[in-house]
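Listed below are the residues making up each chain.
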Amino acid sequence: MPQLLANGIVFGCIIALGAIGLTLIYGILRFGNFAHGDTMSLGAYLALLFVGLRMPFLAAVGLAIGVSIVVAVLIDRYLYAYIRRAGPIILLIASVGVALFLRNVILLIWGPDLEYYSREIQFAVHILPGVRLKPYEVFIVLAAAVLILLVHLFLKKTKIGKAMRACADNLDLAEVVGIDTRRVVLWTWAVGIALAVSGGVMLGVENGLRPAMGWELLLPLFAAAILGGIGKPYGAMAGGLVIGIAQEVSAGYVSTAYKPAVAFAIMIIVLLVRPQGIFGGRRRWM
Amino acid sequence: MAILEVDDLIGGYNEVAILNGVSIRCESDEIVAVIGPNGAGKSTLMKSVFGLVPVTSGSIRFDGRVITGIRPNRLVRLGMSYVPQEKNIFPSLTVEENLQMGAFVRTEPMDEAMAKVFALFPFIAERRKDVSGALSGGGRQMLALGRALMLDPKLLLLDEPSAGLAPLVRDEIFEKVLEIRDSGVAVVIVEQNAKKALEMADRGYVLATGRNQAEDTGRSLLENAEIGKLYLGSN
């Protein structure tokens, strides 16, 4: 049980990183970004490319984040910006198209086979009684904690972070007050994609890289965002951990093939019982 | 000198004209009240002045320059602030953060502006660290007013600041509006509560079906028997 819990925390951190971006984009740009998972894959593969060019790992991840942000901003400017007024469903469908496009570009360049950042084999070590984790898994949890702390400081302490929360509250009022909403949109993509790529790389480190890795993560991502109350970054952090732990712990009782079903079941129950999310409260960011 | 001159304004949403030729003027040291029945176009007038509703014809001059069609984020820089009728605060932000958003376009420190707002609204100062969504209706309205003052505007547009407030709180808000004018900010106020608004205002306009019906000092409009019968609910 403690072992399953630890696995769940590792996986939950990855989901949380993806879900924060998903929820921020939903809150400010007002649509469910179905390309978010595939952006995670894209970032992970770009990092693979740069690692292959013998860059140090963290530098490769940093560059992958940078390139992915540029890609996302270009897609926003040359696709989403034109249909922003057409309504959330049109944007959502467009993002499904972007998702397919990204996944097939990855397939075209890197092929369908499983890829690894490193062929080196790491052995799990005891970190607590009854809990064995591989060294890189400990690193994943620590790195995720640092990133989440940074997001927290960004949202609470910086002017643009506060403006992001204001835009998520009421976009029309933000315009009236004089907030530069275009700049806020850029920052939303930057923060959301940076976290997503970090999560994608972590997933690649943990499970290897496949073109569909991010797409398959989309369900737990949405489940986490909805669980936390969509539009609420702090909810998404907590929702990610809950979904991650629930999926891994379920593996102790039912076949691991049911892991995605667990996320799905949680999402449906939340939508039925508490559609504003567990942490939604009265439309406030917890 | 007139800070705001609206001349023969025609406009509305989706080609349905709500304003059919409205003209108003506001001097830089006065409160101008715009009253009239529901659907007269009062709120639409405010929104079109602030660039939120398309204008088909007519002109809007602010501080001597034509501002027809200029976006809100530029108007804010020019010295005009607008307080919408409802949903006029960011409920998940603290009181202080709400005020900071009011000065978003400024890069220099905003301590001084904030101190001025806190001096005008001591109640807001006490709650500065609280999440603003927890404020009462009156508290929210004061916060919205305070936020609109963060950039030291020359003109404040208020859309029904007393809507949904208890009489005592409403009077307090009106009291503050007078103080704001005395500090050198021109105010255009749209009100459902016509009597109260005209008592406070230097001048008033009566609007109906998107047109000017009457224009006079606040006092004279109050004493005008016909206006009283038609728009103020008196016999």
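First things first, this report covers the structure right here in the doc. Keep in mind that this is a model prediction, so the values were computed, not measured. (Residues numbered from 1 in each chain as written. Chains lettered and ligands numbered in written order. Predicted model: local features only at pLDDT ≥ 70, side-chain atom pairs only at ≥ 80, totals over all residues.)

## Some words on the overall build of chain B
1) Next: If you tally the helices and strands in chain B, you get 10 helices and 10 strands.
2) Next: Each of the three principal axes of chain B carries a C-alpha extent, and together these read 50 × 40 × 35 Å.
3) Next: Within chain B, contacts between residues at least 6 apart in sequence are counted, and of these 67% link residues at least 24 apart. (Helix = DSSP H or I, 4+ residues; strand = E, 2+ residues; numbered from the N terminus. Contact = placed C-beta atoms within 7 Å.)

## Quick word on the sheet that holds strand 2 (residues 16-27) of chain B
Across a sheet, strands are paired by hydrogen bonds formed along the backbone, either parallel or antiparallel in direction.
Residues and elements named next belong to chain B.
1) Next: In spatial order, the strands read 2-1-4-5; together these four strands make up an open sheet with antiparallel pairing. The strands lining the two open edges of the sheet, one partner per strand, are strand 2 and strand 5 (65-66).
2) Next: One ladder, built from six bridges, connects strand 1 (residues 2-13) with strand 4 (residues 55-62); its direction is antiparallel. Bridged to Ile10 within strand 4 is Ser57.
3) Next: Where helix 1 (residues 42-49) meets the sheet, it contacts strand 1, strand 2 and strand 4, and its direction lies at approximately 70 degrees from that of strand 2. (Pairing = 2+ DSSP bridges. Axes fitted to C-alpha atoms, helices over the stretch in contact; angles between N-to-C directions.)

## Some thoughts on the pairing of strand 10 (residues 211-217) of chain B
Residues and elements named next belong to chain B.
1) Next: Pairing analysis gives six bridges linking strand 9 (residues 203-208) to strand 10, with the strands arranged antiparallel. Within strand 10, the residue paired with Tyr205 across the bridge is Glu215.
2) Next: Adjacent in sequence and paired antiparallel, strand 9 and strand 10 are bridged by two residues, among which Thr209 carries a positive phi angle near 40 degrees.

## Concerning the environment of Met142 of chain B
All names here are of chain B.
1) Next: As for its position among the elements, Met142 is in helix 6 (residues 137-148).
2) Next: As a C-alpha pair, Met142 and Leu120 span 22 residues in sequence and 9.5 Å in three-dimensional space.
3) Next: If near-sequence neighbours (up to four positions away) are discounted, Met142 is found in contact with Phe121, Phe123, Ile124 and Lys176.

## What about the pairing of strand 2 of chain B?
Residues and elements named next belong to chain B.
1) Next: Alignment of strand 1 against strand 2, held across nine bridges, turns out to be antiparallel. Its bridge partner lying in strand 2, Ile10 is registered against Asn20.
2) Next: Connecting strand 1 to the antiparallel partner strand 2 that follows it, the hairpin turn spans two residues, and Asn14 within it adopts a positive phi of roughly 45 degrees.

## What about the interface of chain B and chain A?
1) Next: Listed as interface residues are 20 residues of chain B and, on the opposing side, 16 residues of chain A.
2) Next: The set of elements that each furnish at least two residues to the side of chain B that touches chain A consists of helix 2 (72-78) and helix 3 (95-102) of chain B.
3) Next: Among the elements that take part in the side of chain B that touches chain A, helix 3 of chain B stands out by supplying four residues, more than any other.
4) Next: Partitioned by chemical class, the residues of the side of chain B that touches chain A number 11 nonpolar, six polar and three charged. (Nonpolar A, V, L, I, M, F, W, Y, C, P; charged D, E, K, R; others polar.)

## Things to note about helix 10 (residues 233-250) of chain A
1) Next: The terminal C-alpha atoms of helix 10 of chain A, which comprises 18 residues, lie 26 Å apart, in line with the 26 Å expected from a rise of 1.5 Å per residue.
2) Next: With 15 of its 18 residues buried, helix 10 of chain A lies for the most part within the structure. (Expected span 1.5 Å × (residues − 1). Buried ≥ 20, exposed ≤ 12 C-beta atoms within 10 Å, placed from the backbone.)

## Remarks on the packing of helix 2 (residues 36-52) of chain A against helix 9 (residues 213-227) of chain A
All names here are of chain A.
1) Next: Between helix 2 and helix 9, whose axes approach to 7 Å, the crossing angle comes to 140 degrees. The angle between helix 2 and helix 9 falls in the class oblique. When you trace helix 2 past helix 9, the crossing you get is right-handed. Residues His36, Gly37, Asp38, Thr39, Met40, Ser41 and Ala44 of helix 2 lie in contact with helix 9, whose contacting residues are Met213, Gly214, Trp215, Leu217, Leu218 and Leu221.
2) Next: Counted by class, the contact of helix 2 with helix 9 contains seven nonpolar, five polar and one charged residues. (Parallel < 35°, antiparallel > 145°, perpendicular 65-115°, else oblique. Left-handed = near helix turned anticlockwise from the far one by under 90°.)

So yeah, pure geometry; function would need other evidence.
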